Amino acid sequence: MKHATDYISRTNLYRRTVSLLVAVTAFVCAAMAQGDMLFSQYWAMPTLYNPAKTGETDFIRIRGGARLQWVGVTNAPKSFVATGDMPFKVAGKRIGAGVTISQESIGLFSNMLVNAQGSYKLKFLKGQLGIGLQAGYYNTRFKGSEVYIPGDDDFHQPTDPAIPTQDLSGNAFDVSFGVDYTHRLFHVGVAAMHVTSPKVSFSVEGSESTESQQYETELPRTLYFDAGGNIALQNTLFELQPSLLVATDFDAFSADVTMRATYNKFITFGVGYRWNDAVSVMVGAHYKNFFLGYAFDYPTSALSGASSGSHEIVAGYQLKLDLSGKNKNKHRSIRIM
């Protein structure tokens with residue numbers, strides 16, 4: 001029984017320490033870089049990482065996703081996202097328009113980003129080239145009232161001025177842009193997200209005073225590169241869809257490699273690997289205009305000792321549009337077939 005009590009005490013101390021480290025890391029230098037959420041089924045929500053992908057198909061496309069990361073770890077990230085995009089024509093030119101809404105909680109932080117997107121399409125080398133722009137509103141909150149510093153902590157005092165003890169919030173304007181090329185056999189894209197590197201000055205929630213604006217957080221500039229292909233296996237109903245998503249803010253680096261197979265344009269299943277982070281398995285289904293996908297990630301890092309893994313669900317609906325009568329600009333998205 002004594003061993004069990006000691007284990008529980010150590011576990012509780014570890015959890016309190018993790019919560020404290022989240023707060024200290026965020027504010028000890030008065031600047032904290034928040035990153036974008038990364039979905040294992042990134043291929044199912046392409047406009048989330050590149051505004052040039054809006055209107056790339058002849059569909060009104062709506063997608064929503066939820067991700068519970070590192071189940072078993074207290075205050076682990078929880079992410080929710082919704083995207084919508086569609087094509088239309090202006091003066092005979094193909095245009096794409098879209099919106100994305102994302103919300104993520106990480107420890108004592110809660111971040112929301114709302115974006116309006118637009119893209120211009122033109123024919124290029126037997127494919128379609130897209131150039132996109134995105135403007136957004138970024139809001140972040142910090143629950144300083146929930147910060148807990150143990151009395152026996154040897155490194156920080158309960159009144160440490162580097163750690164706020166009040167709920168803080170702030171917002172900023174954000175801009176991103178990207179380019180994308182889609183061919184019937186492959187696609188490739190590059191996006192520069194958060195090019196303004198918006199900085200948020202925090203203030204006490206419910207107060208108009210500027211005296212408390214001594215803390216800042218930053219949404220770092222992030223460069224994304226994605227690519228993928230569509231390989232039909234002869235004499236079968238199978239298609240292979242390899243894909244890649246690489247992201248860097250020039251301090252941190254992430255790379256996802258995925259191999260999916262689709263049977264009869266109905267069932268999709270695959271495996272993925274995120275560099276130095278996790279392996280994943282995924283399965284999805286298309287039925288008429290509906291899509292539903294699930295992914296499970298198992299950490300390959302030291303987190304495997306504390307977490308049973310991450311769960312992710314993506315659901316969507318699409319409605320066919322005919323822009324030209326003869327559908328001359330018909331393109332199928334090889335990411336979601």
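A. Structural context of the pattern of salt bridges. This model, assessed by the stated rule, comprises eleven salt bridges. Between Glu312 and Arg67 there is a salt bridge, and its shortest N-O distance comes to 2.7 Å. With Glu312 in strand 18 (residues 309-320) and Arg67 in strand 1 (residues 59-71), this pair connects stretches of sequence that are 245 residues apart. In this pair, the class of Glu312 matches that of Arg67, namely buried. Salt-bridge contacts for Arg274 lead to Asp297; the nearest nitrogen and oxygen are separated by 3.6 Å. Of this pair, Arg274 sits in strand 15 (residues 267-274) while Asp297 sits in strand 17 (residues 290-299), and the two are 23 residues apart along the sequence. Residue Arg274 shares its accessibility class with Asp297, and that shared class is buried. Three or more residues are tied together by salt bridges with common partners; here these are Arg67, Asp256, Arg274, Asp277, Asp297 and Glu312.

B. Inspection of unusual backbone geometry at higher detail. The phi dihedral of Leu125 falls on the positive side, at around 50°, and the residue is not glycine. With respect to the helices, strands and loops of the structure, Leu125 is situated in the loop between strand 4 (109-124) and strand 5 (127-143). Residue classification places Leu125 among the exposed positions, given a relative accessible area of 63%. We note that Asn264 has phi near 55°; this positive angle belongs to a residue other than glycine. Note on placement: Asn264 falls in the loop between strand 14 (253-263) and strand 15.

C. Main features of the environment of Ser105. Looking at the element boundaries, Ser105 is found in strand 3 (residues 93-106). On a C-alpha basis, the gap between Ser105 and Pro77 in space is 5.4 Å, while along the polypeptide they are 28 residues apart. Among all residues touching Ser105, those that are not within four sequence positions of it are Ala76, Pro77, Lys78 and Ser110.

D. Expanded view of the pairing of strand 15. In strand 15, alternate side chains face the same way, and those of Thr268, Gly270, Gly272 and Arg274 are buried while those of Ile267, Phe269, Val271 and Tyr273 on the opposite face are not. Note that strand 14 and strand 15 share eight bridges and pair antiparallel. Note that in strand 15 the partner of Tyr263 across the bridge is Ile267. Between strand 14 and strand 15, which pair antiparallel in sequence order, lie three residues; one of them, Asn264, sits at a positive phi of approximately 55°.

E. The arrangement of the side chain of Thr248 in detail. Structurally, Thr248 can be placed in strand 13 (residues 238-248). A polar contact is formed between the side chain of Thr248 and the backbone oxygen of Ala252, at a distance of 3.0 Å. Dropping the residues within four chain positions of it, Thr248 is found in contact with Arg221, Thr222, Leu223 and Phe253.

Cut-off values and rules
Residues numbered from 1 in each chain as written. Predicted model: local features only at pLDDT ≥ 70, side-chain atom pairs only at ≥ 80, totals over all residues. Heavy atoms only, no water. Salt bridge = Lys/Arg side-chain N within 4 Å of Asp/Glu carboxyl O. Helix = DSSP H or I, 4+ residues; strand = E, 2+ residues; numbered from the N terminus. Buried < 20%, exposed > 50% of the residue type's maximum accessible area, 1.4 Å probe, protein only. Contact = heavy atoms within 4.5 Å. Pairing = 2+ DSSP bridges. Polar contact = N/O pair within 3.5 Å; in protein donor to acceptor, adjacent residues only side chain to side chain.

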